[in-house]
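Read off the chains here:
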Amino acid sequence: PVIVMAPTAITVPKIEKLVKEYNIKAAIHNHGPEDKHFPAPSDVLKAVKGMDGRMGLCVDIGHTTRTGVDILTAIKDAGPRLHDMHVKDLKNLMNKDSQVAVGDGEMPIASIFKLLQKMGYKGGVMLEYEINADNPVPGMEKSFAYMRGVLAGMGLKA
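K.L.:
Can you help me understand the pattern of salt bridges in this one?
P.N.:
It is possible for side chains bearing opposite charge to pair when their charged atoms get close. Per the counting criterion, the structure on display carries 8 salt bridges. A salt bridge links Glu-34 to Lys-96; the nearest nitrogen and oxygen atoms lie 4.0 Å apart. Of this pair, Glu-34 sits in the loop between β2 (25–29) and α2 (41–48) while Lys-96 sits in the loop between β5 (89–90) and β6 (99–100), and the two are 62 residues apart along the sequence. Overall, Lys-96 belongs to the partly exposed group, its relative accessible area being 44%. A salt bridge links Lys-88 to Glu-128, with the shortest nitrogen-to-oxygen separation between them at 2.9 Å. Of this pair, Lys-88 sits in the loop between β4 (82–87) and β5 while Glu-128 sits in the loop between β7 (124–127) and α6 (137–153), and the two are 40 residues apart along the sequence. Accessibility expressed as a relative area gives 17% for Glu-128, which makes it buried. Each of Asp-60, Lys-88, Glu-128 and Glu-130 takes part in salt bridges that share partners, so that together they form one network.

K.L.:
Hey, could you run me through unusual backbone geometry in this one?
P.N.:
For residues other than glycine, phi is negative in most cases, and the peptide bonds are mostly trans. In this structure, Asn-23 is a non-glycine residue whose phi angle is positive, near 50 degrees. Relative to the assigned elements, Asn-23 resides in the loop between α1 (12–22) and β2. The phi angle at Asn-132 is positive, at roughly 55 degrees, despite the residue not being glycine. Tracing the chain through its elements places Asn-132 in the loop between β7 and α6.

Rules of the game
- Residues numbered from 1 in each chain as written.
- Predicted model: local features only at pLDDT ≥ 70, side-chain atom pairs only at ≥ 80, totals over all residues.
- Heavy atoms only, no water.
- Salt bridge = Lys/Arg side-chain N within 4 Å of Asp/Glu carboxyl O.
- Helix = DSSP H or I, 4+ residues; strand = E, 2+ residues; numbered from the N terminus.
- Buried < 20%, exposed > 50% of the residue type's maximum accessible area, 1.4 Å probe, protein only.

Written out as structure tokens, the structure reads:
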């Protein structure tokens, strides 16, 4: 139901045409300060303003914080255009190379999940674990366990 993508600004109107034709949601993924097209969620929101509501974004919380944006504000501002999320945790919210298992860093995971619940968010929250390539499973399991614990503490099932 949702296609996550990293297009250029010039292709966004073409994507909207396809969204309408095929009745799908498009979630433009922001990629932080290095991204020339969509570094922050606000850049995506500007690009899709006035377009079909199925044109939205995938907020990557790690990349978003590295742009200096408050992640909770960015998620709230996305509102109904938030179609997907990528979750990771960072020891230093400004350093992409400081990724750790979710729960071991500085990301306000519990506050993010509470905000999503308050917003009535129905989309996906995807773990994006990009470290320990030779043996990622222990860190992924730890990340999922932490997120499930947060959800359980909120009275929700993962």
